[in-house]
Amino acid sequence: MEIICIESINSTHLFLCEQIRNKKIIKNTALYALEQTQGIGSRENSWQSSKGNLHLSFCLKEKDLPKDLPLASVSIYFAYLIKEILEIQGSKIWLKWPNDLYLDDKKAGGVMSTKISDFIIGGVGLNITFAPKNRALCDIKISIENLVKEFVKKLEKKILWKNIFSKYMLEFEKSRHFSVHYEGKIFSLKDTCLYQDGSILLNNKRVYSLR
């Protein structure tokens, strides 16, 4: 996977998606910006950030995903890889279902994903030097360059979903103290059921993490 660093951009995600649609990017690519001015998050929300935070978008062919990874749960998979890298460095950041990186009870970052043609596009934001009000900063000092390189290495290992999910099942218990937005409503995760494909049961419907 080619890694590209740029000084400043409006949105790494929008740029990468546009390049793929225009067939200007045809291979697995990771793009991170030192500054992002118009970032977007899940549910089409804006992602308020600042220079020094992680603004990473990446794309990889669907065929290059682990063979057992449910496509609808790639956000969980990508987010857990980031969480593991941070954990090795001493961070207490954990993954709240389905794609939010939390420190204690505050959001420190998140992951989003989408599909265009035969590409899966992922995006990762993490508060490293700046956090908006009521948000958390990463609890360790970490080089953005090294974080991106380690993440790409993990992607290229194609770690099986079953190995990630077996660990995430335990982590999911922390999510039971929180709620999620679904179809314009807020649902508690207290008594929800987590399925092996990463989906949960909300309002008698299976809900997946693909954003």
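For every chain, the first residue of the written sequence is number 1, and numbering continues from 1 along that sequence. The predicted origin of the model limits local features to residues at a pLDDT of at least 70 and limits the giving and counting of side-chain atom pairs to 80 or more, whereas totals for whole chains, interfaces and linings rest on all residues. Calculated side-chain values reflect all of the structure's heavy atoms, with hydrogen atoms and water omitted.

> Honestly, the environment of Pro66 in this entry has me stumped. Any pointers?
Structurally, Pro66 is set in the loop between β5 (54-61) and α2 (74-88). Burial status follows relative accessibility: with a 1.4 Å probe on protein chains alone, a residue under 20% of its type maximum counts as buried, one over 50% as exposed, and anything between as partly exposed. You can call Pro66 buried: its relative accessible area is 6%. Taking C-alpha positions, Pro66 is 26 Å from Lys205, a pair spaced 139 residues apart along the chain. Helix numbers and strand numbers start at the N terminus; a helix is a DSSP run of H or I with at least 4 residues, a strand a run of E with at least 2.

> Sorry, what's going on with the packing of α2 against helix α3 (residues 144-157) here?
Each packed pair of helices is defined by two parameters, the angle between the axes and the distance between the axes. Under this scheme, a helix contributes an axis fitted over its contacting stretch, all axes are lines through C-alpha atoms, and angles between N-to-C directions fall in the 0 to 180 degree range. In contact at an axis separation of 10 Å, α2 and α3 are set at 125° when each is read in the N-to-C sense. As summarised for this structure, α2 and α3 are arranged oblique, according to the angle between their axes. The two elements α2 and α3 meet at a crossing, and its hand is right-handed. On the side of α2, the interface is formed by Phe78, Leu81, Ile82, Glu84, Ile85 and Leu86, while α3 contributes Leu147, Glu150, Phe151, Lys154 and Leu155. The classification used treats Ala, Val, Leu, Ile, Met, Phe, Trp, Tyr, Cys and Pro as nonpolar, Asp, Glu, Lys and Arg as charged, and all other residues, Gly among them, as polar. Its residues placed into classes, the contact of α2 with α3 shows eight nonpolar, no polar and three charged. Roughly parallel means an angle under 35 degrees; roughly antiparallel means over 145; roughly perpendicular covers 65 to 115; every other angle is labelled oblique. In this scheme the handedness of a crossing depends on how the near helix is turned from the far one: anticlockwise by less than a right angle means left-handed, clockwise means right-handed. Contact criterion: two residues are considered in contact whenever any of their non-hydrogen atoms come within 4.5 Å of each other.

> Just to check I follow, could you spell out the pattern of salt bridges for this structure?
Pairing between side chains of opposite charge can happen when their charged atoms approach one another. Here a salt bridge means any side-chain nitrogen of Lys or Arg lying within 4 Å of a carboxyl oxygen belonging to Asp or Glu. The full count for this structure, using the stated rule, is 17 salt bridges. Residue Lys63 pairs with Asp64 through a salt bridge whose shortest N-O separation is 3.4 Å. Under the relative-accessibility criterion, Asp64 is labelled buried at 17%. Among the ionic pairs, Lys158 bridges to Asp64, the shortest N-O distance being 4.0 Å. Taken as a pair, Lys158 in the loop between α3 and α4 (161-175) and Asp64 in the loop between β5 and α2 lie far apart in primary sequence, 94 residues in all. Several salt bridges share partner residues, and in doing so they unite Lys63, Asp64 and Lys158 into one network.

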